[in-house]
Amino acid sequence: MSIRLTWCLAALLTIPLPLFAAVQDETEVDIQVREIAKTLRCTVCQTENIWESGAPLAQQMRGVIRDRIALGHSTEEIRAYFLSRYGDYILMEPPKHGVNWLIWVAPFLLLLAGGFFLYKEVTHWVRDTPTPPSQPEPPLDDQARKRIERELES
Amino acid sequence: MSKGWQLTLILCLLGLFALFYQGLWGDPRHIPTVLIETEAPNFEGPDVETGQTISLDQFKGKVVLLNFWASWCYECKVEHESILQLHQLFKDNPEFVMLGVNYQDELPDAQKYLKEYGSTFSHVRDLKGQLAIDYGVYGVPETFVIDQQGKIRHKWVGPITGEVYTNITQKVIAPLLKAQPTTTVTS
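What you see is a predicted model, and the numbers here were worked out from it, not measured in a lab. (Residues numbered from 1 in each chain as written. Chains lettered and ligands numbered in written order. Predicted model: local features only at pLDDT ≥ 70, side-chain atom pairs only at ≥ 80, totals over all residues.)

A. Summary view of the overall build of chain A. Secondary structure summary: chain A contains 6 helices and 0 strands in total. For chain A, the succession of helices and strands along the chain, N to C, is α-α-α-α-α-α. Every one of the 154 residues in chain A was classed for burial, and the buried ones make up 12%. Looking at chain A alone, contacts between residues at least 24 apart form 45% of all its contacts between residues at least 6 apart. (Helix = DSSP H or I, 4+ residues; strand = E, 2+ residues; numbered from the N terminus. Buried ≥ 20, exposed ≤ 12 C-beta atoms within 10 Å, placed from the backbone. Contact = placed C-beta atoms within 7 Å.)

B. Structural view of the overall build of chain B. Summing up its helical and strand segments, chain B has 5 helices and 7 strands in all. Across chain B, helices and strands are ordered from the amino to the carboxyl terminus as α-β-β-β-α-β-α-β-α-β-β-α. Whereas a compact globule of 187 residues would reach a radius of gyration of roughly 16 Å, chain B reaches 20 Å, over 25% beyond that. Dimensions of chain B along its principal axes, counting C-alpha atoms only, are 75 × 40 × 30 Å. Long-range contacts, defined here as pairs at least 24 residues apart, represent 71% of the contacts in chain B between residues at least 6 apart. (Rg over C-alpha atoms; globule rule 2.2 N^0.38 Å.)

C. Region of interest: helix α5 (residues 101–128) of chain A. Residues and elements named next belong to chain A. Here α5 spans 40 Å end to end across 28 residues, near enough to the 40 Å set by a 1.5 Å rise per residue. Along α5, the helix axis deviates most sharply at proline 107, where the bend reaches about 25°. For α5, the tally of buried residues reaches only 0 of 28 residues, placing the bulk of the element at the surface. (Expected span 1.5 Å × (residues − 1). Bend = angle between axes of the 7 residues up to and from the residue.)

D. Just unusual backbone geometry, in detail. All names here are of chain B. In this structure, proline 141 follows valine 140 across a cis peptide bond, with omega equal to 0°. Considering the arrangement of structural elements, one finds proline 141 in the loop between α4 (130–134) and β6 (142–146). Unusually for a residue other than glycine, glutamine 104 sits at a positive phi of about 45°. Within the secondary structure layout, glutamine 104 lies in the loop between β4 (96–103) and α3 (107–117).

E. Expanded view of the pairing of strand β7 (residues 152–157) of chain B. All names here are of chain B. Relative to β7, β6 runs antiparallel, the two sharing 5 bridges. Residue pairing across strands places phenylalanine 144 opposite lysine 155, the latter belonging to β7. As consecutive antiparallel partners, β6 and β7 are separated by 5 residues, and within that stretch glycine 150 has a phi angle of approximately 85°, a positive value. (Pairing = 2+ DSSP bridges.)

F. A look at the interface of chain A and chain B. Contacts between chain A and chain B engage 14 residues on the former and 14 residues on the latter. Broken down by element, the side of chain A that touches chain B gets its largest block of residues, 6 residues, from helix α3 (residues 56–70) of chain A. Here the residues of the side of chain A that touches chain B sort into 8 nonpolar, 5 polar and 1 charged. (Nonpolar A, V, L, I, M, F, W, Y, C, P; charged D, E, K, R; others polar.)

G. Geometry of the pairing of β4 of chain B. Residue and element names in this part refer to chain B. Of all 8 residues in β4, 8 are buried, a share of seventy percent or more. Burial of β4 is two-sided: the residues Phe96, Met98, Gly100 and Asn102 facing one way and the residues Val97, Leu99, Val101 and Tyr103 facing the other way are all buried. A crossover links strand β3 (residues 63–69) with its parallel partner β4, the connecting element being helix α2 (residues 74–90), and its sense is right-handed. Across 5 bridges, the pairing between β4 and strand β5 (residues 122–126) is parallel. Bridging across to β5, leucine 99 finds its partner in serine 122. Handedness of the β-α-β unit built from β4, α3 and β5 comes out right-handed. (Right-handed = clockwise from strand over helix to strand, strands pointing away.)

H. Geometry of the sheet that holds β5 of chain B. All names here are of chain B. In space, the 5 strands of this open sheet follow the order β5-β4-β3-β6-β7, with mixed pairing throughout. Two strands bound the open sheet, and with one partner strand each, they are β5 and β7. Within this sheet the neighbouring strands show an average axis-to-axis angle of 20°, counted without direction. (Axes fitted to C-alpha atoms, helices over the stretch in contact; angles between N-to-C directions.)

I. Region of interest: the packing of helix α2 (residues 28–37) of chain A against helix α4 (residues 75–86) of chain A. Residues and elements named next belong to chain A. Packing of α2 against α4 leaves a shortest axis separation of 11 Å and a crossing angle of 40°. When the interaxial angle is binned, α2 and α4 end up oblique. As for the relative orientation of α2 and α4, their crossing is right-handed in sense. Each of Gln32, Glu35 and Ile36 in α2 lies in contact with α4, whose residues at this interface are Thr75, Ile78 and Arg79. Class assignment for the residues of the contact of α2 with α4 results in 2 nonpolar, 2 polar and 2 charged. (Parallel < 35°, antiparallel > 145°, perpendicular 65-115°, else oblique. Left-handed = near helix turned anticlockwise from the far one by under 90°.)

J. Looking closely at the nonpolar core. Core analysis: the biggest nonpolar cluster contains 52 residues, and Met61 of chain A together with Val64, Leu66, Phe68, Leu99 and Tyr103 of chain B have the highest contact counts within it. Setting aside chain neighbours within four positions, we find valine 64 of chain B in contact with Leu56, Phe59, Val97, Leu99 and Ile146 of chain B. (Core = buried A, V, L, I, M, F, W, Y, C linked by C-beta atoms within 7 Å.)

K. Focus on the environment of glutamate 39 of chain B. All names here are of chain B. Along the chain, the position of glutamate 39 falls in the loop between α1 (3–25) and β1 (44–46). Taking the C-alpha atoms as reference, glutamate 39 lies 18 Å from methionine 98; in sequence the two are 59 residues apart. Once residues within four sequence positions are removed from consideration, glutamate 39 is found in contact with Gly150 and Lys151.

L. Layout of α2 of chain A. Residues and elements named next belong to chain A. Inspection of α2 places Val33, Ile36 and Ala37 among the buried residues, and these make up the whole buried set. On an axial view of α2, the arc spanned by its buried residues comes to 95°, and they lie on one face. Set apart from the buried face of α2 by more than 90 degrees, the exposed residues are Glu28, Ile31 and Glu35. As for α2, its buried residues are in contact with α3 and α4. (Arc of directions from axis to C-beta.)

The values reported here are purely geometric and, on their own, carry no functional implication.
See the structure below:
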């Protein structure tokens, strides 16, 4: 009985401790703060959103988001507030309007143009490469014929 | 390769080169602001030195220069002398007000800074960073000029020294006050 108990305890010890950790529930507000903060750029960091950034300004911006959610502002209203203060620069994804379309479309246009350019060049090379004149196959000499017959027989 | 393709390729490369050139020589401080000609957000907060509440509404109808600074900011120290000089230049004009905004700072550090470097105008504390965010501040120092109608007329990111000082005093504040500064502008 005691051996069984020891084995059970030993088995329990192999289970990672984090599995026993109490799950800290995110509130609705926390989720909304996270979702909004992930779409806004940290203006004093390099390519980081304000959710991931540890900068004091990002921390304060998260606080502003939380305060505005508490006041009943919608996600779009909060994003519009930041946009009105910092312009398009604050958004992690440039909005799809005006000249910004260039950012979204240009890579695909360049890819298409590159592919078309490559296709044109390759077809050009193929067309310009001279094909060798076709020659009749040389007849088998006696020695080769005998060798093949020998190998087929064996 | 046909001549048409060659020309297209050259044009594309020239376009890319132009973009790189602009990126290399453009002013990295220049981030286009969306706040120019918009209404300056109102604020209120405690005075760094006296603790009394200061509000932008108190200065309605005046030209207000807002200067965001912090005691830990090196460039704020660089511009401090010019900022005091700018205040000296316009302080006698009843239509002009200058306010400092202490940003992301500890109160004792801010008070020590003002004692050490001198202060001739009021400074409001931005306690939660809300004021800085309302003004779309990226970092310090940043300076805003608000006109008599309460609209933001000018924003500058970086120290107010040299040519920037001349520009802000002669081309921004003086025309707003409809009078040229009385003393000589220094750089």
